Structures are given as structure tokens and as C-alpha cells.
Amino acid sequence: NAPAVLLQSGPGTGKSSVLAARIAYLLESGQTEAENIVILSFTNRDAAAIKYRALELLYPISRVENATGSEKHQNNEPQATAPRDQMKKELGAKLWSGTLHSFAT
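Counting starts from 1 at the beginning of each chain's written sequence and moves along it residue by residue. For this predicted model, a pLDDT threshold of at least 70 governs which residues receive local features, and a threshold of 80 or more governs which side-chain atom pairs are given and counted, while totals over whole chains, interfaces and linings are taken from all residues. The side-chain values count all of the structure's non-hydrogen atoms but skip hydrogen atoms and water molecules.

Chemist: Mind laying out the layout of surface pockets, listing which residues take part and the relevant values?
Modeler: Only protein atoms enter the calculation, which uses a 1 Å grid: trapped sets of points that fit a 1.4 Å probe without letting it out are cavities, open sets showing protein on both sides within 12 Å along at least five of seven lines are pockets, and any residue with an atom within 4 Å of a point is a lining residue. Grid points are joined across faces, edges and corners, and a volume is the space filled by probe spheres set on the points. Here the largest pocket is characterised by a volume of approximately 1000 Å³. As for the largest pocket, its lining consists of 28 residues, and the residues nearest its centre are Val5, Leu19, Val38, Ile39 and Leu40. A run of H or I in DSSP becomes a helix once it reaches four residues, and a run of E becomes a strand once it reaches two; helices and strands are each numbered from the N terminus. Those elements giving two or more residues to the lining of the largest pocket turn out to be helix H1 (15-28), strand E1 (38-41) and helix H2 (44-58). Per-element accounting of the lining of the largest pocket gives the leading share, 6 residues, to H1. Throughout, the ten residues Ala, Val, Leu, Ile, Met, Phe, Trp, Tyr, Cys and Pro are labelled nonpolar, Asp, Glu, Lys and Arg are labelled charged, and all others, Gly among them, are labelled polar. Taken together, the residues of the lining of the largest pocket break down into 17 nonpolar, 7 polar and 4 charged.

In C-alpha cells:
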């Protein structure tokens, strides 16, 4: 089991990116399940942003696009696919994110 993490630092130092990367790593490596992760922040917006970043790291467009064989846009950019969106939605529903106040009530 992965130990709990408390990350303290000043504004603009990359805390959200570090937490998102750690969440993605723990899930991708199989060290924990999404149901075991709680993302707490001072605002719901920040907690949701960390969750969003972790899901984007786990399901980037190019990874899922290559796996599903979807076509690319005319400018050769991979497009969002229904399987990718569905996988993100399912995993996102298992990750709990919010404020300390909403967690305690």
C-alpha cells in the first residue's frame, strides 16, 4: 500500500501536478484502486482540477486513439474517442475529490 502524502508548498510551485502524477502512477502501476484515493483541497475547483489532470495522464488522447484505431483530424491531431471518454468517466466516478468540509459532512 502506498503511504499517505501531505504536500505543502507555496502558490505556483506545481503541487497539483505532483499530486495528479502520483495518483496516475499509483493507479497505473496497480498499487491501489481508485476507490482508495481521496483528493482533498481547500476548494472544490482545485480538487476537481487535480482529478482531471490525473485522468488526463492516465487516458491521453494518443494512447487511447492508438489502442482503438480511431481516425485523426485533418490536421493530424488525435481526436477524443468515445472509449476514452467512457474510461475516464468510469474511473472518475470512483475517485472522490472535494474539500475537507465536504468530506467531513
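Chemist: Account for the environment of Leu100, naming residues and giving values.
Modeler: As for its placement among the helices and strands, Leu100 is situated in helix H5 (residues 100-104). For the pair formed by Leu100 and Thr43, sequence separation is 57 residues and the distance between their alpha carbons is 8.7 Å. The criterion used for residue contact is that any of the two residues' heavy atoms lie within 4.5 Å. If we skip the residues at most four places from it in the chain, Leu100 touches Leu40 and Ser41.

Chemist: How would you sum up H2? Please name residues and give values.
Modeler: For an α-helix, 3.6 residues make a turn, and residues three or four places apart therefore share a direction. Multiply 1.5 Å by the residue count of a helix minus one, and that product is the helix's expected span. Along its 15 residues, H2 runs 21 Å from first to last C-alpha, staying within 8% of the 21 Å computed at 1.5 Å per residue. Exposure categories follow from relative accessible area, calculated using a 1.4 Å probe and restricted to protein chains: below 20% of the type maximum is buried, above 50% is exposed, and the middle band is partly exposed. Taken as a whole, H2 has its buried residues at Ala47, Ile50, Lys51, Ala54, Leu55 and Leu58. For H2, the arc enclosing every buried residue in end-on projection is 130°, short of the 170-degree limit, so these residues lie on one face. Away from the buried face of H2 by more than 90 degrees, exposed residues Arg45 and Tyr52 are located. This arc corresponds to the set of directions leading from the helix axis out to the C-beta atoms.

Chemist: So what's going on with the side chain of Thr99? Which residues, and what values?
Modeler: Inspection of the secondary structure assignment puts Thr99 in strand E2 (residues 96-99). On the accessibility criterion, Thr99 (12% relative accessible area) is buried. Excluding its chain neighbours within four sequence positions, the residues that come into contact with Thr99 are Leu40, Ser41, Phe42, Thr43 and Asn44.

Chemist: Please provide a residue-by-residue account of the packing of H2 against helix H4 (residues 82-94), values included.
Modeler: Axis angle and axis distance: for two packed helices, these are the angle between their axes and the distance between the axes, and together they describe the pair. Only the contacting stretch of a helix is used when fitting its axis, a line to C-alpha atoms as for every element, and angles between N-to-C directions run 0 to 180 degrees. Two elements in contact, H2 and H4, have axes separated by 10 Å at closest approach and are oriented at 135°. One element, H2, and the other, H4, form an angle in the oblique class. For the pair H2 and H4, the sense of crossing is right-handed. Contact with H2, carried on its side by Lys51, Tyr52, Leu55, Glu56 and Leu58, involves Arg84, Lys88, Leu91 and Gly92 of H4 and no other residues of that element. For the contact of H2 with H4, the class distribution of residues is 4 nonpolar, 1 polar and 4 charged. Geometric relationships in this document are graded by angle, where less than 35 degrees denotes roughly parallel, more than 145 denotes roughly antiparallel, 65 to 115 denotes roughly perpendicular, and other angles denote oblique. For any helix crossing, the convention is left-handed if the near helix is rotated counterclockwise from the far helix by under a right angle, and right-handed if that rotation is clockwise.

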